[in-house]
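Chain by chain, the residues run as shown.
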Amino acid sequence: MGFSHIRAQEAAHAVLENALTHDKLAQAYLFVGPSGVGKQSTALSLARARLCEVRPGEGCGSCEVEKRIDDGTHPDVRIFTPRDEGNRNLQVEFVREELLPLTKFAPFEARATFLIFPEADVSFPVQHAESANALLKTLEEPRPAVHFLLLSERPDRLLPTIRSRCQRVRFSPLPADVLEDILAAHDVPAESRAPAIALCGGRADRALELAEEDLAVRMLDVAVAVDRAVGERKGGTLLELCESLARDEHRDIALESLSLYYRDVAAAALEVPDEQLAFRHRAELIRERARTLAPAVAAERVAAIAELGEALERNANPQVALEGLFFGMS
Ligand SMILES: [Zn+2]
């Protein structure tokens, strides 16, 4: 069993397999990488491999212990997701009342306990120092056989003191061929796969979301509409696009799409082959635009979109920031 069913994370799995083989699992790991690339599956497989009695250190894939881990009913393998409300951070009372006692008395029946924290940076963000410090306290008083698995896309949002207590394991974005297989396995039609893969950033969860709603196709349409309005200097249309994008729940994907569109246009102008374009399924459209837009201008726009993304991260007003971008391009 092991980790062989999780694809394209050989480096991460080699670290963990080595620790399992030598019975030297760290007390705390920080799995770093985008969502939807196998961090949580790896965490569960690690627990299964460690707790399986049939094939210890590897997991047999079919015993009672592993079945209970998969069902979420094993008392020694617990998953703590962020709350569903507010800022979603876990509160200090939760850490003191639920987590600390658990770490004192575990393991309950197995040889080890695994406490898994998907989106650890959301549960314990640096700005809610009280609960983050309570978690840190449990990490600083290691109990044998209690393992913490912190999963995070944004480890910079965790306390540095928490990060430094954990052994870091890196997970990579998934390559296009693996994503293609995953989408095919979910019955996504062939023509919807390429645009979803172009925009998903190597994340299977996002690729599925993009493909299932045909969102990727719509996002390229938005990019083309923005580009046209900029080219024709249609102020009114640009303002409307700013307004709707500022409110769009898929705004980040739309901006990513716009950035990839201009990157493709610059690449096409430099005669890069179609198969290297993100929007290769619309290569004709991209090539046509490349005949009228200088690659240097397209590249400037890619840079401007990246700057906008950083401004939005710093909580800039989306509408104002988008207007700055769109009118700056025209
Ligand atoms: Zn087993």
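Since this is a predicted model, take the numbers as computed values, not measurements.

Trainee: Could you clarify how one ought to interpret the side chain of Ser45 in this entry?
Mentor: Structurally, Ser45 can be placed in helix H2 (residues 39–51). Its relative accessible area of 2% is what places Ser45 among the buried residues. Among the polar contacts listed, one links the side chain of Ser45 to the side chain of His5, at a separation of 3.2 Å. Excluding anything up to four places from it in sequence, Ser45 contacts Gly2, Phe3, His5 and Ile6.

Trainee: Could you clarify how one ought to interpret the pattern of salt bridges in this entry?
Mentor: Once the charged atoms of two side chains with opposite charge are near each other, the side chains can pair. Counted according to the given criterion, the structure contains 21 salt bridges. In this structure, Glu109 engages Arg68 in a salt bridge whose closest nitrogen and oxygen atoms are separated by 3.1 Å. Separated by 41 residues along the polypeptide, Glu109 in the loop between helix H4 (92–105) and strand S3 (113–117) and Arg68 in helix H3 (residues 64–71) bring together distant segments of the chain. The exposure class of Glu109 is partly exposed, given its relative accessible area of 48%. According to the relative accessible area criterion, Arg68 is partly exposed, its value standing at 22%. Note that Arg203 and Glu153 form a salt bridge whose closest N and O atoms lie 3.7 Å from each other. With Arg203 in the loop between helix H9 (190–199) and helix H10 (204–212) and Glu153 in the loop between strand S4 (146–152) and helix H7 (160–165), the pair connects residues that are 50 residues apart, well separated along the chain. By relative accessible area, Arg203 is classed as buried at 18%.

Trainee: For this particular structure, what's the right way to read the environment of Pro82?
Mentor: Position of Pro82 relative to the elements: it lies in the loop between strand S2 (77–79) and H4. It is 21 Å that separates the C-alpha atoms of Pro82 and Arg165, two residues lying 83 residues apart in sequence. Contacts of Pro82, omitting those with residues within four sequence positions, involve Arg88, Leu90, Pro118, Glu119, Val122 and Ser123.

Trainee: What am I meant to see in the coordination of the zinc ion here?
Mentor: Under ideal tetrahedral coordination, the four donors around a metal are separated by 109.5 degrees; under ideal octahedral coordination, the six donors are separated by 90 or 180 degrees. Distances from the zinc ion to its protein donors, namely Cys52 (SG), Cys60 (SG), Cys63 (SG) and Glu66 (OE), fall within the range 1.9 to 2.3 Å. Each of the four donor atoms around the zinc ion contributes to a set of angles spanning 101 to 119°, which defines the coordination as tetrahedral. Counting gaps between the donor residues of the zinc ion yields the pattern C-x7-C-x2-C-x2-E. Taking relative accessible area as the criterion, Cys60 reaches 22% and is therefore assigned partly exposed.

Trainee: What is the right way to look at the environment of Leu44 in this model?
Mentor: Along the chain, Leu44 turns up in helix H2. Along the backbone, Leu44 and Ala8 are 36 residues apart, and their C-alpha atoms lie at a distance of 17 Å.

Trainee: What is the right way to look at the sheet that holds S2 in this model?
Mentor: Sheets are built from strands that pair by backbone hydrogen bonding, the pairs being arranged parallel or antiparallel. Taken in spatial order, the five strands make up an open sheet running S2-S3-S4-S1-S5, and their pairing is parallel. Edge positions in the sheet fall to S2 and strand S5 (167–170), since each of these pairs with one other strand and no more. The mean inter-strand angle of the sheet, taken between neighbouring strand axes irrespective of direction, is 20°. Relative to S4, S3 runs parallel, the two sharing five bridges. If you follow Ile116 over to S4, its bridge partner there is Leu149. Contacts from helix H1 (residues 10–21) reach strand S1 (28–32) and S5 within the one sheet, and its direction differs from that of S5 by about 135°.

Reading guide: rules and limits
- Residues numbered from 1 in each chain as written.
- Predicted model: local features only at pLDDT ≥ 70, side-chain atom pairs only at ≥ 80, totals over all residues.
- Heavy atoms only, no water.
- Helix = DSSP H or I, 4+ residues; strand = E, 2+ residues; numbered from the N terminus.
- Buried < 20%, exposed > 50% of the residue type's maximum accessible area, 1.4 Å probe, protein only.
- Polar contact = N/O pair within 3.5 Å; in protein donor to acceptor, adjacent residues only side chain to side chain.
- Contact = heavy atoms within 4.5 Å.
- Salt bridge = Lys/Arg side-chain N within 4 Å of Asp/Glu carboxyl O.
- Donors = N, O, S within 2.8 Å, 3.2 Å for Na, K, Ca; no water.
- Tetrahedral: all angles 85-135°; square planar, octahedral: opposite > 155°, others 65-115°.
- Pairing = 2+ DSSP bridges.
- Axes fitted to C-alpha atoms, helices over the stretch in contact; angles between N-to-C directions.

Any functional reading would require information that these geometric values do not contain.
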